[in-house]
Amino acid sequence: MNFNVSPCIIHFFPPFAIGTTTESRSIDDISDKYLSLLSPQLWSRSMAMKTNDVLCDAPSVIQKEKTEVNDCGFQIDTTPYTSVSEGKAEVLFPSTHDVFYNPVQEFNRDLSVAVLRQFASEHQDGIRILEGLAASGLRSIRYAREIEGVKEVVANDISKQAIECMKRNIKHNNVEGVVIPSHKDASMLMYENREPSKRFHAIDLDPYGSPHIFLDGAVQCVIDGGILLVTCTDMAVLCGNSPETSYTKYGAVSVKSKACHEIALRIVLQCIESHANRYGRYIVPLLSLSADFYVRVVVRVFTSQAKCKETFSKVSWLYQCVGCETFTLQPLGRILVNGRSVKYQLSHGPSVSQSCTHCGYKHIMAGPMWSAPIHDREFLKNLKESLIEEDFTTYRRMFGTLTMMEEELPDVPLFYVVDKLAAVAGINLCKMVQFRSALLNAGYDVSMSHTCKASIKTNAPAQLIWDIVRAWEKIHPANRAKMKDDRAGKRILEKASEHTISFECHPDANPESRRKELLRFQVKPEKNWGPKSRAKTSLFHTHEEEKRVRNQGKKRKHHNDSHVLEQTSKENKHIVKDTD
């Protein structure tokens, strides 16, 4: 990724400044209509200064040699344009606070370009793409310049500042005839294009946080057989930290688990499917990715009332033991086919007893979540073959991740984690290759999951998993004397095994992606990497900085202040006693 600096230009971008352009302007050009959009406190302060016929008579200060800040809080961005080159696109940013950009997401954008190339190759007449939340327009510009057969890319954003930045970048990259900027609410734009003649071939949704408010419109304005690319960055919600919030946003309860990132993917797929079913449509997942701080799913949308009836057999409830984290999935329904006769029946349940059969602890419930395959192996194979190394900076990671997805068992939801199994049993468990060999030697299939390094995805029953743990514990005994009687691991180790376990190395125990030393799991790309903060206007930016500084160590400061007050109170009481 290259960073270049163009000649210095002074710009001022007021928030929600409808009708403004990127021409240079001073603080004195700000009118009352912009001030009226501010918070009551800042508006009052600004109006009080204007009453004295002086907007700000205090001297300006210089921050980091590039930013002029007035005493009243206005900031003039004097930083030169920063150009960011990614793929075949080059975008200009007036300030790092005006328009959202995250360099860590380059892998996401590279993969999206590759996916849409593969999709566009199936449509000889060209495709129309909608990017609902385009920000700087970088992704849309890359689509226009790097994908053959793109007729039109509608780059939409509700932020006026983003639109101004987008227009500048569209012109800078000479894609005015292909990329069309749109300044609308993304949901309303999609509702306006629900008619079959107006629908898009592909819709890309990459919001800050959850995309749930956009899904209803998205499933309606994509053509039959069209493609949706959806990103979620609210991983704390999807991974079980707030199950109640997960239910309100996605219609499913999440749970804390070592397999939480795959659970997140399955919750998102279930949510998209439920939105599509309301309009007689259903989804076919092509690719489901968990990477860095987000999940990304790629699905095709089709129309069929008959297929919609099959959905309740594709989603399941999850039962998870709170002691050993053994999990069981129970589909909501089942389909019985007898010749031409097709019957839809509810599942018999529950599929678990009140207490876990392995450790005796209770179960918790989560879901419903998608339990059908989350990848299309044929699509992944074709996508890998279409990759061109010179076109993508993140080629090695893309190829490695796609290879891992291709290796995953398609009909096996979720997985166990070796580290967790060892922690439950209180032992140092065997190596991954040995554990995989034990499963393969027992006649079962096994793979890893791209979402976790130490994952064991297998169609073997949970009884065999714990038999392997018990067999290894016999070779390397745990200190059972120090274990409490009600510990889940002790109860599991004391049970009798039902299978004969062999740890002899199996030829298929080492997966191809590991043998070829592919880049499978990305290391942290930079310091303090993550989803970043929301895009902020340069107006009143200093107030944000002051708030950030003021809140640093707030709890520690509060504790210290309380301690000082307590000490002062004791000293005062002591003085009063001495005086008496």
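Residues numbered from 1 in each chain as written. Predicted model: local features only at pLDDT ≥ 70, side-chain atom pairs only at ≥ 80, totals over all residues. Heavy atoms only, no water.

1. As for the overall build of the protein
Test applied: Working definition: helices are DSSP H or I runs of at least four residues, strands are E runs of at least two. Numbering for both runs from the N terminus. Whether a residue is buried, partly exposed or exposed follows from its accessible area with a 1.4 Å probe, protein chains only, as a fraction of its type maximum: under 20%, in between, or over 50%, in that order. Two residues qualify as a contact provided that any one of their heavy atoms is within 4.5 Å of a heavy atom in the partner residue. Where accessible areas are quoted, they stem from the Shrake-Rupley method and a 1.4 Å probe; at the residue level, only the protein chains shown are allowed to cover.
A count of helices and strands for the protein gives 20 helices and 21 strands. Looking at the protein residue by residue over its 580 residues, the buried ones come to 51%. Residue pairs in contact within the protein that sit at least 24 positions apart in sequence constitute 68% of those at least 6 positions apart. Taken as a whole, the protein presents about 28,200 Å² of accessible surface, with 51% of it coming from carbon and sulfur.

2. A short note on the sheet that holds strand β14 (residues 315–321)
Note the threshold: In short, DSSP must find at least two bridges between two strands for them to pair. With axes taken as lines fitted to C-alpha atoms, and helix axes fitted only over the stretch in contact, angles between N-to-C directions fall between 0 and 180 degrees.
Across the sheet, which stays open at both edges, the 3 strands sit in the order β15-β14-β18 with antiparallel pairing between neighbours. This sheet does not close on itself; its edge strands, each paired only once, are β15 (327–331) and β18 (363–370). Each strand axis lies, on average, 25° off the axis of its neighbour in the sheet, ignoring direction. Across 6 bridges, β14 lies against β18 in antiparallel orientation. Counterpart to S316 in the pairing with β18 is M369.

3. Topic: the confidence of the model for the protein
To keep it simple, the criterion reads: Confidence of the prediction at every residue is given by pLDDT, a number between 0 and 100.
Here the protein shows a mean pLDDT of 83. Residues at 70 or above account for 76%. Across residues 1–78, confidence stays below pLDDT 50; counting only partners more than four residues off in sequence or on other chains, it has 151 contacts. Across residues 537–542 the pLDDT falls below 50, and counting only partners more than four positions away or on other chains, this stretch makes 29 contacts in the model.

4. Digging into the pairing of strand β6 (residues 89–93)
Along β6, 4 of the 5 residues are buried, which leaves the element largely enclosed by surrounding structure. Relative to β6, strand β5 (residues 82–86) runs antiparallel, the two being bridged by 5 bridges. Residue S85 lies in a different strand from β6, and its bridge partner there is E90. What sits between β5 and β6 in their antiparallel hairpin is a turn of 2 residues, with G87 showing a positive phi close to 60°.

5. Focus on the packing of aromatic side chains
The condition is simple: To pair, rings of Phe, Tyr and Trp, with the six-membered ring standing in for Trp, must have centres within 6.5 Å; the planes then decide the type, stacked if under 30 degrees apart, edge-to-face if over 60, and tilted in the middle. For a ring to carry a charge above it, either NZ of a lysine or CZ of an arginine must fall within 6 Å of the ring centroid while also lying within 35 degrees of the normal to the ring plane.
The full count for this structure, using the stated rule, is 6 aromatic pairs. Just above the ring of F399 sits the side chain of K384; from NZ or CZ to the centre is 4.8 Å. Cation over ring: R397 sits above F107, and NZ or CZ is 4.2 Å from the ring centre.

6. Topic: the environment of R194
We count it as follows: Definition of a polar contact: a pair of N or O atoms within 3.5 Å, with one able to donate and the other able to accept a hydrogen when the atoms are protein atoms, and with sequence-neighbouring residues admitted only if both atoms are side-chain atoms.
In this fold, R194 is placed in the loop between α6 (186–192) and β10 (200–205). With 25 residues separating them in the primary sequence, R194 and V219 have C-alpha atoms 9.1 Å apart. Of the polar contacts made by the side chain of R194, one reaches the backbone oxygen of Y191; its length is 3.0 Å.

7. Digging into the sheet that holds strand β7 (residues 127–131)
If you walk across this open sheet you meet the 7 strands as β9-β8-β7-β10-β11-β13-β12, and the pairing is mixed. Each of the sheet's edge strands pairs with one partner strand only, and the pair in question is β9 (179–182) and β12 (281–291). The average undirected angle you get between the axes of adjacent strands in this sheet is 15°. In the sheet, β12 pairs with strand β13 (residues 294–303) via 10 bridges, with the strands oriented antiparallel. Within β13, the residue paired with S288 across the bridge is V297.

8. Quick look at helix α16 (residues 462–475)
Every α-helix carries 3.6 residues per turn, so stepping three or four residues along brings you back to the same face. The line we're drawing: By this rule, a helix spans an expected 1.5 Å times one less than how many residues it contains.
Taking 1.5 Å of rise per residue, the 14 residues of α16 would be expected to cover 20 Å, and the 21 Å separating its terminal C-alpha atoms lies within 8% of that figure. With respect to burial, α16 is a largely interior element, 12 of its 14 residues being buried. Where α16 is buried, its residues contact β19 (416–417), α14 (418–425), α15 (432–441), β21 (452–458) and α17 (488–494).

9. Things to note about the pairing of strand β20 (residues 446–449)
As paired elements, β20 and β21 share 3 bridges and run antiparallel to each other. Considered in β21, the bridge of S449 is made with C452. Counting the residues that bridge the hairpin from β20 to β21 gives 2 residues.

10. So, the environment of L228
Inspection of the secondary structure assignment puts L228 in strand β11 (residues 222–232). Every residue in contact with L228, bar those within four places of it in the chain, is listed here: I203, A218, V219, V222, I272, V297, V298, V299 and V301.

11. With respect to the nonpolar core
Cut-off, in case you're wondering: We define the nonpolar core as a collection of buried residues of types Ala, Val, Leu, Ile, Met, Phe, Trp, Tyr and Cys that are connected through side-chain atoms lying within 4.5 Å of one another.
Membership of the largest hydrophobic core comes to 88 residues, with the highest contact counts inside it found for L228, I272, L429 and F435. At 10 residues, the largest contribution of residues to this core is made by helix α10 (residues 260–277). When sequence neighbours within four positions are dropped, the list of residues in contact with L429 reads V418, L421, A422, F435, V469 and W472. Ranked by size, the runner-up nonpolar core spans 48 residues in total, among them V104, V113, F119 and I147.

12. Examining a nonpolar patch on the surface
For clarity, the cut-off: In this scheme, patches are assembled from residues that exceed 30% relative accessible area and form no salt bridge. Like charges are connected within 9 Å, while nonpolar side chains (Val, Leu, Ile, Met, Phe, Trp, Tyr) are connected within 5 Å. By salt bridge we mean one thing: a side-chain nitrogen of Lys or Arg within 4 Å of a carboxyl oxygen of Asp or Glu.
Together, V337, V342 and Y344 make up an exposed nonpolar region whose accessible area comes to about 260 Å². Secondary-structure assignment places Y344 in strand β17 (residues 341–346).

13. Focus on the environment of A202
Within the element layout of this structure, A202 appears in strand β10. The exposure class of A202 is buried, given its relative accessible area of 0%. Spatially, the C-alpha atom of A202 lies 8.1 Å from that of L116, the residues being 86 residues apart in sequence. The contact partners of A202, leaving out residues within four places of it in the chain, are L116, F119, R128, I129, L130 and I227.

14. Notes on the side chain of Q463
By the element assignment, Q463 lies in helix α16. Residue classification places Q463 among the buried residues on the basis of a relative accessible area of 19%. Among all residues touching Q463, those that are not within four sequence positions of it are H358, R470, A496, E498 and H499.

15. Looking at the pattern of salt bridges
Pairs can form between side chains of opposite charge whenever their charged atoms are close. The full count for this structure, using the stated rule, is 24 salt bridges. With a closest N to O distance of 3.6 Å, R139 and D204 form a salt bridge. In this pair, R139 is assigned in helix α4 (residues 138–146) and D204 in strand β10, connecting sequence segments 65 residues apart. Note on accessibility: R139 and D204 belong to one class, buried. Close ionic contact of E406 with K384 constitutes a salt bridge, the shortest N to O distance being 3.1 Å. Placement of the pair is E406 in helix α13 (residues 395–407) and K384 in helix α12 (residues 377–386), with a sequence separation of 22 residues. Taken together, the shared-partner salt bridges connect E86, R109, D110, R142 and E146 into one network.

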